[in-house]
Amino acid sequence: MKTDRSHALFTRASELLPGGVNSPVRAFKSVGGEPFFAQRAEGAYLFDVDGNRYLDYVGSWGPMIAGHAHPQVLDAVAKVMRDGLSFGVPNALEVTMAEAITSIVPSCEMVRMVNSGTEATLSAIRLARGATGRSRIIKFEGCYHGHGDSFLVKAGSGALTLGLPNSPGVPAALADLTMTLPYNDFDAATTLFDEIGHEVAGLIIEPIVGNANCILPRDGYLQHLRELCTRHGALLIFDEVMTGFRVAPGGAQQRYGIRPDLSTFGKIIGGGMPVGAYGGRRDLMSQIAPSGPIYQAGTLSGNPVAMAAGLATLELIGQPGFHDALERSTHALCDGLEAAAGEAGVAFHTTRAPGMFGLYFREGPVETFADALGSDTARFNRFFHAMLEGGVYLAPSAFEAGFVSSAHGEAEIAATVAAARAAFEQIGRM
Ligand code: KE4
């Protein structure tokens, strides 16, 4: 595979950007080798600067649920940008976006637009602390909520990929206020709440974990957390930056029938532009400045161009049957991969939710963070590179979920399974 242009760019980038990238997981550090540099993208495909084409299962880490460079999204952006890129005063599209989010996600009676998932989660935690007058928060091992200080405790995603789940630079006094629980452990949650529930401002969770690979909630687990939070006066915060608008139109909270007090969003509602949002109960959100005393602000929040991209994406995924089709293609992909691994005699297991999946080099089931850590990451890394050589780009980490878009049709799934059959044969002998 020709890579000299990517290599030259990475050499230059490595002089000027930490690790040569603007976000750690992109650097291929855990899988080895150097990242390729994208030239352009279309539908289910990425094209790099050396002319290689890849079937893309990262989708810019989630936003590209309708495929890259969708004409309707590009047209919406082109139409709006000619009227100006940012006003710094309210614009109608912010209202349209707020109406869209609050109608699609009923638990969100009010919403505030921000510019990333990180901004959304750190604002939600500040709101929880301000509204309850309490300081402690609870998160889950392996879950990632962006790089806000309070979250970089036993964090997932890039922090886990690089083996840095507790980042230097986070004051111990603040980290001590973040308690962590094992995901899917009913008793551990009950015990912690019995001990300190009255001190907890909020519990934040990825309802489906997508940052320690992909782990689904056990039956009744999310309801159990809902009941514990209600009983102890803590706020239940669903971090749906990844699952929102993906695993169901109304996200994981719709799929599992849970009403959180606050929710955070990102990725899809920006359609590829920098957008995040947090929202929830009116009595809570109305405490955010300027209607209340809890401060949060942002120069480009509600930016018209970003709103246009997000609204066009929400319109595309709001078409009847969109999520059912996404669920079917995700199952087809995972069933095909498992069959290919079985033919090669490779221990392999997948987890799946509409539009997202996890790949594990171990026997199933995978229901806890410890189960996920038990996957053969060295074998994943070899599989990653074998698939890349075969023209398929998986998430460059054994601790990330993969993403399927509506642009991944039968032909793309079949081509992926064919590449996997060759890759399993190749690594099966290693
Ligand atoms: P951003 O600040 O990256 O927009 O969102 C942070 C965030 C919050 N919550 C969840 C559940 C998330 O998955 C994320 C970001 N996801 C990672 C991928 N696992 C972004 C990729 C990256 O860090 O480059």
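A quick note: this is a predicted structure, and the numbers were derived from the prediction, not measured. (Residues numbered from 1 in each chain as written. Predicted model: local features only at pLDDT ≥ 70, side-chain atom pairs only at ≥ 80, totals over all residues. Heavy atoms only, no water.)

**Considerations on the overall build of the protein chain**
Looking only at helices and strands, one finds 15 helices and 14 strands in the protein chain. For 430 residues, the compact-globule estimate of 2.2 N^0.38 gives 22 Å, and the C-alpha radius of gyration of the protein chain, at 21 Å, lies within 12% of that figure. Here the C-alpha coordinates of the protein chain stretch approximately 60 × 55 × 45 Å along the principal axes. Accessible surface, the protein chain: about 17200 Å² in total, of which carbon and sulfur atoms supply 55%. (Helix = DSSP H or I, 4+ residues; strand = E, 2+ residues; numbered from the N terminus. Rg over C-alpha atoms; globule rule 2.2 N^0.38 Å. Areas by Shrake-Rupley, 256 points an atom, 1.4 Å probe, with all protein chains shown as cover.)

**Considering the pattern of salt bridges**
Summed over the entire model, instances satisfying the criterion amount to 14 salt bridges. Residue Asp50 is joined to Lys2 by a salt bridge in which the shortest nitrogen-to-oxygen separation is 3.5 Å. Here the residue Asp50 occupies a position in the loop between strand S2 (45-48) and strand S3 (53-56), and Lys2 occupies one in the segment before helix H1 (4-16), the gap between them amounting to 48 residues. With relative accessibility at 10%, the residue Asp50 sits in the buried group. (Salt bridge = Lys/Arg side-chain N within 4 Å of Asp/Glu carboxyl O. Buried < 20%, exposed > 50% of the residue type's maximum accessible area, 1.4 Å probe, protein only.)

**A look at the site of the ligand**
Taken together, 17 residues surround the ligand, and among them Ser23, Thr118, Asn211, Asp239 and Glu400 come closest. In the model, an oxygen atom of the ligand is placed 2.9 Å from a nitrogen or oxygen of the Gly117 main chain. Between the ligand and the protein, one listed contact pairs a nitrogen atom with a side-chain N or O atom of Asn211 at 2.4 Å. Protein contact buries 88% of the 540 Å² of open area that the ligand shows by itself. Taken together, the residues of the shell around the ligand break down into five nonpolar, eight polar and four charged. (Near = heavy atom within 4 Å. Polar contact = N/O pair within 3.5 Å; in protein donor to acceptor, adjacent residues only side chain to side chain. Nonpolar A, V, L, I, M, F, W, Y, C, P; charged D, E, K, R; others polar.)

**Some details on the packing of helix H12 (residues 322-344) against helix H15 (residues 410-428)**
Between H12 and H15, whose axes approach to 9 Å, the crossing angle comes to 25°. The angle between H12 and H15 falls in the class roughly parallel. Judged by the sense of rotation from one axis to the other, the crossing of H12 with H15 is right-handed. Between H12, through Ser329, Ala332, Leu333, Gly336, Leu337, Ala340, Ala341, Glu343 and Ala344, and H15, the contact on the second element is made entirely by Ile413, Thr416, Val417, Ala420, Arg421, Phe424 and Glu425. Class assignment for the residues of the contact of H12 with H15 results in 10 nonpolar, three polar and three charged. (Axes fitted to C-alpha atoms, helices over the stretch in contact; angles between N-to-C directions. Parallel < 35°, antiparallel > 145°, perpendicular 65-115°, else oblique. Left-handed = near helix turned anticlockwise from the far one by under 90°. Contact = heavy atoms within 4.5 Å.)

**Looking at the environment of Tyr221**
Mapped onto the elements, Tyr221 comes out in helix H8 (residues 221-232). For Tyr221, a relative accessible area of 0% corresponds to the buried category. Residues Tyr221 and Pro207 lie 14 residues apart in sequence; the distance between their C-alpha atoms is 9.5 Å. Discounting chain neighbours no more than four positions away, the residues touching Tyr221 are Phe140, Pro182, Tyr183, Asn184, Asp185, Phe186 and Ile205. There is a polar contact of 3.3 Å between the side chain of Tyr221 and the backbone nitrogen of Asn184.

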